[in-house]
Structures are given as C-alpha cells and as structure tokens.
Amino acid sequence: MDSADHDDTPITLTQHILAQQHAFPEATGDFSTLLHAIEIASKYISSKVRCAGLFNLYGAEGTTNVQGEVVKKLDVISNNSMITALRRSQTVSLMVSEENEEPIYVPEHPRAKYVVVFDPLDGSSNVDANVTIGTIFGVYRKQGPADKPAVLADALQPGSALVASGYTMYGSATTLVLTTGEGVNGFTLDPSLGEFVLTHPDIRCKPKHTIFSVNEGNSMYWSQPTLDYIKSIKLPESPGVKPYSARYVGSMVADVHRTLLYGGIFMYPADSNSPSGKLRLLYESNPMSMIIEQAGGKSTTGTARVMDLVPTSIHERCPIYIGSSQCVDELLSFFAKHEATKKK
C-alpha cells in the first residue's frame, strides 16, 4: 500500500512532542514526560468539565483562595489534577498554582529539572454559566544546582526564561495550544480517539484586526492613555475608518484564544482601583505573552514588555495589553504621547 494512503492520519500531541525531542539527541525525555503529564491532566479536567452539570460539580466549594476569590468545586478538581499529574511525572521540583498561597515543593524529586506555574482553571467564576474556561501553564528550568532542591528563586524568573507555555481551553471543543519556543501549534481533543490531534499548525497572529476585548465596566477607573486609545478605536476621526468591534468573554483563555486566531487586542489595564492590574504575572500574563509573541504578536504593560518583568512574589499582578503587533504599537503610542505631555 502506498504511504500516501495514510496522509490523512492525524498527528497527535504525543507524536508532536516526541518529534521535537528527536531533534535534540542529547534530550533525556524529561521535558516530553512533563508535557505528557500536562496533557493527561488536561484530559481529566476536560472530562470533569463536560459532566459538571450531571454530577453536581458546579457551584462554590465553600472557601476562598489566596486571591480572595470564591473557590469553585471545579477549581479544586483542576488544581489537584495538575499537581498530581506533575508530581507523578517525576520531572518537577517546584510548582506554583493560583489556588495555593505558597509554592508547592516536591522534595521526593529534588533533582527534577523543571518548575511549572499554572492557573488550573482560568475563568472559573463563569463556570456555572457554562462559559468557556481553561488551564494556563508555563514551564521554567530550575536555575540552581542539579543536586539541590528547588528554591523560591527558581519560580521568580522573567517570562523571557520560559521554555514552554500553553493553555487548554474547555469550550465547544477541548483545545490545547502549545509553544516550546519554536512557534505555536493547536491540538483539539478527539473524543473518538481520546487523543489531542494537530488542528492548528503554526498559528500566526494577524498584524492587525479591528477587534478589541476589555471590561469597559471599569472604564471610569482607567488611566488617560487607555481611555484615549479606546476612544480612538471606537470613534475614529479619520473619514472612512470603521470603528473596532467589541468582543469580551471575561475568561482570559477564551479572549486571548480568539485574539490569537483572529487578531485584535485584549487588555486588562491597571486602574485607580487596581494600580498593579488584576491578572497574575507568573502564571497568566507570562505564559500568554510567550504564546502571542511566538505567533508574531506583542504583549506590554503599557510601559514595558511583559516578559521582561522580574516577579518579586508568586502571586504578583500586572496590567496587560496583548495581541496583534500593530494594535499594540498603536496603544503604546498613546502611552508615549501621554508621557511626553507630562514632561512638558
């Protein structure tokens, strides 16, 4: 039989990971094992999200997390799933989760080379309404000696040090988007196979698209550059220029995924109520920034590249404007103009 007869055989996430491993003869397989652990956790979380309504998994668990947010039942399931899968992989010496106040050390694997940071269920405040939610993750190499346990500094690295980032989105389909620093690929969970298969190879973010995504309910608290930029795209002064369309889900995974595929800009600015922003730098803004940058887009706080920020605490927050390169550049021009006006 001619090999061409098999050209329609899908490429699975496992095959993709192993193909990347084979490109590095010195690879030990630890990195592939780690990514496979995240794949396993994503499948488990997806199965629980799918049956949440049937088995009473909606609603609050009864506690609040370190962010002061009400913990949902699915938050707990997702967090435990990620921690368990990563611990069992024997490749991780330290984890940071949105749901845990302190870092999660893995003393039984002190020589493990990797540190994983994650938001186990982004957008979970929307879960009872069956809105798209997701898991965000980033992977760092441990910086200290190989024979020594991980320390907090191993987690407090800038986004530029990430070796992999991704998210798994639980919506009309379960989609895992991954970058290991060599472009961005998207995989969709095929229920008939029980495997993630490559459906979005080499994703590129359009240089510009007329969609903006932001919670305008907070606009009375925004800084002047943000207000001016939003006004310019909603009420363009140039003849014939159409205004941007607004699209906002309220789940970072969903809003950034749409921005990645269609283009445009997603933003969660700092404001007078939240001077440091709302989204967490380590396990939300940095991983998403790596993905968007690898796809040709940009990510900024308005004054600095997000991935250049060095975290000082594991739950540190930052403002973020992320998406198509030209859209972000236009936004930055308003910050530059405002700064120049202040100096006069």
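In short, a report on the structure. (Residues numbered from 1 in each chain as written. Predicted model: local features only at pLDDT ≥ 70, side-chain atom pairs only at ≥ 80, totals over all residues. Heavy atoms only, no water.)

1. Comments concerning the overall build of the protein
Argument step 1. In terms of helices and strands, the protein carries 7 helices and 17 strands.
Argument step 2. Taking 2.2 N^0.38 as the reference for a compact globule, 344 residues should give roughly 20 Å; the C-alpha atoms of the protein span a radius of gyration of 20 Å, in line with that estimate.
Argument step 3. Based on the C-alpha atoms only, the size of the protein along its principal axes is roughly 60 × 55 × 45 Å.
Argument step 4. By element, 53% of the accessible surface of the protein is carried by carbon and sulfur atoms, the whole surface being about 15,600 Å². (Helix = DSSP H or I, 4+ residues; strand = E, 2+ residues; numbered from the N terminus. Rg over C-alpha atoms; globule rule 2.2 N^0.38 Å. Areas by Shrake-Rupley, 256 points an atom, 1.4 Å probe, with all protein chains shown as cover.)

2. Overview of the pattern of salt bridges
Argument step 1. Scanning all chains against the criterion turns up 12 salt bridges.
Argument step 2. We note a salt bridge from lysine 298 to aspartate 329, for which the minimum N-O separation is 2.8 Å. Residue lysine 298 is found in strand E15 (residues 298-300), and its partner aspartate 329 is found in helix H7 (residues 325-343); the two are separated by 31 residues along the sequence.
Argument step 3. Arginine 305 is the partner of aspartate 308 in a salt bridge, and the nearest nitrogen-oxygen pair spans 2.9 Å. (Salt bridge = Lys/Arg side-chain N within 4 Å of Asp/Glu carboxyl O.)

3. Description of the packing of aromatic side chains
Argument step 1. Evaluation of the coordinates by the stated rule reveals 3 aromatic pairs.
Argument step 2. Arranged with centres 5.6 Å apart and planes meeting at 40 degrees, the rings of phenylalanine 31 and tyrosine 114 form a pair that is tilted. You can see phenylalanine 31 sitting in helix H2 (residues 30-50) and its partner tyrosine 114 sitting in strand E5 (residues 114-122), a full 83 residues away along the chain.
Argument step 3. Judged by centre distance (5.8 Å) and plane angle (70 degrees), the rings of tyrosine 229 and phenylalanine 334 are edge-to-face. Of this pair, tyrosine 229 sits in helix H4 (residues 224-234) while phenylalanine 334 is found in helix H7, placing the two residues 105 residues apart along the sequence. As far as the burial class goes, tyrosine 229 and phenylalanine 334 line up, both buried. (Phe/Tyr/Trp six-rings, centres within 6.5 Å; stacked < 30°, edge-to-face > 60°. Buried < 20%, exposed > 50% of the residue type's maximum accessible area, 1.4 Å probe, protein only.)

4. Side note on empty space enclosed by the protein
Argument step 1. Under the criterion given, the structure shown has 2 cavities of 30 Å³ or more.
Argument step 2. Approximately 40 Å³ is the volume found for the largest cavity.
Argument step 3. If you add up the space inside the second largest cavity, you get close to 30 Å³.
Argument step 4. Looking at the lining of the second largest cavity residue by residue, the class counts come to 7 nonpolar, no polar and no charged. (1 Å grid on protein atoms, 1.4 Å probe; cavity = no way out; pocket = protein on both sides within 12 Å on 5 of 7 lines; lining within 4 Å. Points joined across faces, edges and corners; volume = space filled by probe spheres on them. Nonpolar A, V, L, I, M, F, W, Y, C, P; charged D, E, K, R; others polar.)

5. What to know about the sheet that holds strand E13 (residues 265-268)
Argument step 1. Across the sheet, 5 strands lie side by side as E12-E11-E13-E17-E15; this open sheet has mixed pairing. Both outer strands of the open sheet, strand E12 (245-246) and E15, are each paired with one neighbouring strand and no more.
Argument step 2. As paired elements, E13 and strand E17 (residues 320-323) share 4 bridges and run antiparallel to each other. Directly across from tyrosine 268, in E17, lies its bridge partner isoleucine 320.
Argument step 3. Sitting on the sheet, helix H5 (residues 252-262) is in contact with strand E11 (211-213), E13 and E17, with an inclination near 150 degrees to E13. (Pairing = 2+ DSSP bridges. Contact = heavy atoms within 4.5 Å. Axes fitted to C-alpha atoms, helices over the stretch in contact; angles between N-to-C directions.)

6. Let's talk about the sheet that holds strand E6 (residues 133-141)
Argument step 1. Pairing is mixed across the open sheet formed by 8 strands, whose spatial order is E4-E3-E5-E6-E7-E8-E9-E10. Whereas interior strands pair on both sides, the edge strands pair on one side only; in this sheet they are strand E4 (104-105) and strand E10 (195-200).
Argument step 2. Strand direction decides the pairing type here: E5 and E6, joined by 7 bridges, are antiparallel. Considered in E6, the bridge of valine 116 is made with valine 139.
Argument step 3. Contacting strand E8 (174-179), strand E9 (184-190) and E10, helix H1 (residues 13-22) crosses the sheet at an angle of about 145 degrees to E9.

7. Quick notes on the side chain of threonine 188
Argument step 1. One can find threonine 188 in strand E9.
Argument step 2. On the basis of relative accessible area, threonine 188 is assigned to the buried category, the value being 17%.
Argument step 3. Within the local environment of threonine 188, its side chain forms a polar contact with the side chain of threonine 199, the two groups lying 2.8 Å apart.
Argument step 4. Beyond its immediate sequence surroundings of up to four residues, threonine 188 is in contact with Ala173, Thr174, Thr175, Glu195, Phe196, Val197, Thr199 and His200. (Polar contact = N/O pair within 3.5 Å; in protein donor to acceptor, adjacent residues only side chain to side chain.)

8. Quick notes on the nonpolar core
Argument step 1. In this structure, Leu13, Leu34, Leu86, Met95, Val116, Phe118 and Val139 are the most contacted members of the largest nonpolar core, which totals 34 residues.
Argument step 2. By residue number, the principal contributor to this core is H2, which donates 7 residues.
Argument step 3. With residues up to four places along the chain from it excluded, the contact list for valine 139 reads Phe31, Leu34, Tyr114, Val115, Val116, Leu162, Val163 and Ala164.
Argument step 4. Formed by 23 residues, the second largest nonpolar core is a distinct cluster that contains Tyr167, Val253, Leu281 and Ile292. (Core = buried A, V, L, I, M, F, W, Y, C linked by side-chain atoms within 4.5 Å.)

9. A closer look at H1
Argument step 1. Residues of H1 that are buried: Leu13, His16 and Ile17. Angularly, the buried residues of H1 cover 95 degrees about the axis, an arc narrow enough to put them on a single face.
Argument step 2. Tucked inside the fold, the buried residues of H1 contact H2, E8, E9 and E10. (Arc of directions from axis to C-beta.)

10. A few points about the pairing of E13
Argument step 1. The two faces of E13 match: Ile265 and Met267 on one face and Phe266 and Tyr268 on the other face are all buried.
Argument step 2. Note: E11 against E13, 2 bridges, orientation parallel. Bridge pairing in E13 links serine 213 to phenylalanine 266.

11. Brief notes about H4
Argument step 1. For H4, the full list of buried residues reads Pro225, Thr226, Tyr229, Ile230 and Ile233. For H4, the angular spread of the buried residues around the axis is 130 degrees, confining them to a single face.
Argument step 2. Those residues of H4 that are buried are in contact with E11, E13, E17 and H7.

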